[in-house]
Amino acid sequence: MALIVQKYGGSSVANAERIKRVAQRISKTRKAGHSVVVVVSAMADTTDDLLSLSAEVSRHPPEREMDMLLATGEQVSCALLAMAIDQLGVKAVSFTGAQVGIITNRAHTKARIQEISAQKIKQAISKGFVVIVAGFQGMTPDGEITTLGRGGSDLTAVALAYAVKAKICEIYTDVEGVYTADPRLVPTARKLKTISYDEMLELASLGAQVMQARSMEVAKKYGVPLHIRSSLSNRTGTIISKEVRAMEDVVVSGVSLQKDEAKITICDVPDRPGIAAAIFTRISDAHINVDVIVQNVGRTGLNDVSFTVPRTELSRALRVVRRVAAELKAGRVLHDDSIAKLSVVGVGMRAHSGIAARMFQALANESINIDMISTSEIKISCIIRRDQAQKAIRTVHDAFGLDKLGIKPEMVKVSKPRRS
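Description of the structure in this document. No experiment lies behind these values; they were computed from the predicted model shown.

1. Here's the deal with the packing of aromatic side chains
Thought 1: For the structure on display, the rule yields three aromatic pairs.
Thought 2: For the pair phenylalanine 280 and phenylalanine 307, a centre-to-centre distance of 5.2 Å together with 75° between the ring planes defines the contact as edge-to-face. Here phenylalanine 280, found in helix α8 (residues 275–285), pairs with phenylalanine 307, found in strand β15 (residues 302–310); they are 27 residues apart in sequence, far enough to count as distant.
Thought 3: In this structure phenylalanine 280 comes out as buried when scored by relative accessible area, which is 18%.
Thought 4: Over the aromatic face of phenylalanine 129 sits the side chain of lysine 91, whose NZ or CZ is 4.7 Å from the ring centroid.
Thought 5: Positioned above the aromatic ring of tyrosine 162 is the side chain of lysine 165, whose terminal nitrogen or guanidinium carbon lies 4.0 Å from the ring centre.

So, in structure tokens, the structure goes:
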């Protein structure tokens, strides 16, 4: 029989009733003869509640203490789930990320996994236990608790699946799989039977809330097979795998919308070699992720440089950028936190021309202005006004005929995703 890793998001373990339901699913898998390693997120709303508490006691809480605080959420859900499984007559044991040997670097609140020993997991499996691991967390080589960033339980699950050589990593959430667009925004969105690692990586990085982008990087690098499915039904979900020839017949697989974006513009930047490096090195040193970058070439020896950052990082990014701008003797630093990023993704775009033109024309037909554009081999992204975002995603989804792609849409209750 197989070794299976299952990951359950916050909505799947939101309360005692859902924890019991998850325990029954896990028990059924174990009684079928499979070995099971389970990764859980914090119960729904827990992480947000802890963040709110921290804001009440401190305007700028130390990141080390934030990790100490936020890591507790997953520990609660993994212990409760182990209790529920034990109640069903199946042996289960819960561990923290540190206990199972998830070693990370020292970047608190967004640590990166460096190694996993997994020895404790293998020993427990050999004794017939279902192993429950608290997601989203690890520890530094000197024993400091760290967390892996929002959505980090996905990363825990994928990394553990590779470490224990699992047959498959099942990601359970509150939706049936991966859709051509967010079904809350686009009612005609269709569920995809399969999607490639590259496409899912792009969609995850562009705001699709099904998988964390970093977890997809690990899955792609090590070829970890993934099955995205609902914890509320037994239906087959979406398989994420290597690209196959059939995928190229579909030009665009999905449309994503990221509303949590902000734009920063540095005006009148001196036009000389090394300036861009000076700006973005300082931003990188502050562990701030930059996305779309546009430089307007001037005729007076001065340029404007615009780029986007996560809206949650805006105030911190502005502090860094204003210092750099002053050192470079640049002009004003402007910002705009009312933007959104709309993207189309598909491996078939590599072999088809005119994709950008069709997207831009669809937006133009609805009088939706494009502020910035970014492209890759399988992606086109546009920065637009946030108040036009919902109309824009429906327009582009229809323009590429995605309402006719995949399988028939299933009646599925879709709630607001809450993952850590």
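2. Some details on the sheet that holds strand β3 (residues 92–95)
Thought 1: The mixed open sheet is built from eight strands, whose spatial order is β3-β6-β2-β1-β9-β11-β12-β10. The open sheet terminates on both sides in strands that have one partner only, identified here as β3 and β10 (194–196). Put simply, the sheet's adjacent strands are angled 20° from each other on average, direction ignored.
Thought 2: Relative to strand β11 (residues 226–230), strand β9 (residues 168–173) is paired through five bridges, and the arrangement is parallel. Bridge assignment links glutamate 170 to a residue of β11, and that residue is histidine 227.
Thought 3: Seen against the sheet, helix α3 (residues 63–87) touches β2 (35–40), β3 and β6 (130–134) and runs at an angle of roughly 165° to β6.
Thought 4: Across the sheet, helix α4 (residues 119–126) lies against β1 (3–8), β2, β3 and β6, angled at about 155° from β6, the strand it touches most.

3. Overview of a nonpolar patch on the surface
Thought 1: Together, Val76, Leu80 and Met83 make up an exposed nonpolar region whose accessible area comes to about 260 Å².
Thought 2: Among the secondary structure elements, leucine 80 is positioned in helix α3.

4. Focus: the pattern of salt bridges
Thought 1: Following the criterion strictly, the structure yields 17 salt bridges and no others.
Thought 2: Residue lysine 110 is joined to glutamate 313 by a salt bridge in which the shortest nitrogen-to-oxygen separation is 2.9 Å. Of the two residues, lysine 110 is situated in the loop between β4 (102–104) and β5 (113–116) and glutamate 313 in the loop between β15 and α9 (314–328); the sequence distance between them amounts to 203 residues.
Thought 3: Under the relative-accessibility criterion, lysine 110 is labelled partly exposed at 25%.
Thought 4: For glutamate 313, a relative accessible area of 11% corresponds to the buried category.
Thought 5: Salt bridges here are not isolated pairs; linked through shared partners, they connect Arg64, Glu65 and Glu144.

5. Notes on the nonpolar core
Thought 1: Ranked by internal contacts, the top residues of the largest apolar core, which has 44 residues, are Ile121, Met200, Met211, Met216 and Leu226.
Thought 2: It is helix α5 (residues 152–163) that contributes the most residues to this core, six residues altogether.
Thought 3: Not counting residues within four places of it along the chain, the set of residues in contact with methionine 200 comprises Val178, Ile195, Val210, Met211, Met216 and Ile240.
Thought 4: Formed by 25 residues, the second largest nonpolar core is a distinct cluster that contains Ala181, Leu185, Ile380 and Ala389.

6. With respect to the environment of serine 205
Thought 1: One can find serine 205 in helix α6 (residues 197–205).
Thought 2: Residue serine 205 is classed as partly exposed on the basis of its relative accessible area, which comes to 34%.
Thought 3: Sequence separation between serine 205 and serine 256 is 51 residues, and the spatial gap between their C-alpha atoms is 9.6 Å.
Thought 4: The contacts of serine 205, once residues within four sequence positions are left out, are Ala213, Gln258 and Lys341.

7. A look at the side chain of threonine 180
Thought 1: With respect to the helices and strands, the residue threonine 180 is situated in the loop between β9 and β10.
Thought 2: For threonine 180, the side chain forms a polar contact with the side chain of histidine 397, separated by 2.7 Å.

8. As for the layout of surface pockets
Thought 1: What the second largest pocket holds in volume is close to 350 Å³.
Thought 2: Elements represented by at least two residues in the lining of the second largest pocket include exactly β5, α5 and α7 (213–222).
Thought 3: Sorting elements by how many residues they give to the lining of the second largest pocket places α7 first, with five residues.
Thought 4: The residue inventory of the lining of the second largest pocket, partitioned by class, reads eight nonpolar, one polar and five charged.

9. Section: the sheet that holds strand β18 (residues 379–385)
Thought 1: Read across the sheet, six strands follow the order β14-β15-β13-β16-β18-β17 without closing on themselves; strand pairing throughout is antiparallel. Across the chains shown, the open sheet's two edge strands, defined by having one partner strand only, are β14 (293–296) and β17 (372–376). Each adjacent strand pair in this sheet contributes to an overall mean axis angle of 30°, direction not counted.
Thought 2: Summarising the sheet, β14 and β15 pair through four bridges and their orientation is antiparallel. Across the sheet, residue valine 294 finds its bridge partner in β15, namely serine 306.
Thought 3: Set on the sheet, helix α11 (residues 389–399) makes contact with β13 (254–270), β16 (333–345) and β18; between it and β13 the angle comes to about 120°.

10. Some points on the packing of helix α2 (residues 46–57) against α3
Thought 1: Between α2 and α3, the least distance of the axes is 9 Å, while the angle of their chain directions is 155°. Relative to α3, the element α2 is oriented roughly antiparallel. Our pair here, α2 against α3, has a crossing hand that is right-handed. Counting all contacts with α2, which are made through Thr46, Thr47, Leu50, Leu51 and Ser54, the residues of α3 involved are Met66, Leu69, Leu70, Thr72, Gly73 and Glu74.
Thought 2: Looking at the contact of α2 with α3 residue by residue, the class counts come to five nonpolar, five polar and one charged.

What counts and how
- Residues numbered from 1 in each chain as written.
- Predicted model: local features only at pLDDT ≥ 70, side-chain atom pairs only at ≥ 80, totals over all residues.
- Heavy atoms only, no water.
- Phe/Tyr/Trp six-rings, centres within 6.5 Å; stacked < 30°, edge-to-face > 60°.
- Helix = DSSP H or I, 4+ residues; strand = E, 2+ residues; numbered from the N terminus.
- Buried < 20%, exposed > 50% of the residue type's maximum accessible area, 1.4 Å probe, protein only.
- Lys NZ or Arg CZ within 6 Å of the ring centre and 35° of its normal.
- Pairing = 2+ DSSP bridges.
- Axes fitted to C-alpha atoms, helices over the stretch in contact; angles between N-to-C directions.
- Contact = heavy atoms within 4.5 Å.
- Patch = residues over 30% accessible without salt bridge, like charges linked within 9 Å, V, L, I, M, F, W, Y side chains within 5 Å.
- Areas by Shrake-Rupley, 256 points an atom, 1.4 Å probe, with all protein chains shown as cover.
- Salt bridge = Lys/Arg side-chain N within 4 Å of Asp/Glu carboxyl O.
- Core = buried A, V, L, I, M, F, W, Y, C linked by side-chain atoms within 4.5 Å.
- Polar contact = N/O pair within 3.5 Å; in protein donor to acceptor, adjacent residues only side chain to side chain.
- 1 Å grid on protein atoms, 1.4 Å probe; cavity = no way out; pocket = protein on both sides within 12 Å on 5 of 7 lines; lining within 4 Å.
- Points joined across faces, edges and corners; volume = space filled by probe spheres on them.
- Nonpolar A, V, L, I, M, F, W, Y, C, P; charged D, E, K, R; others polar.
- Parallel < 35°, antiparallel > 145°, perpendicular 65-115°, else oblique.
- Left-handed = near helix turned anticlockwise from the far one by under 90°.

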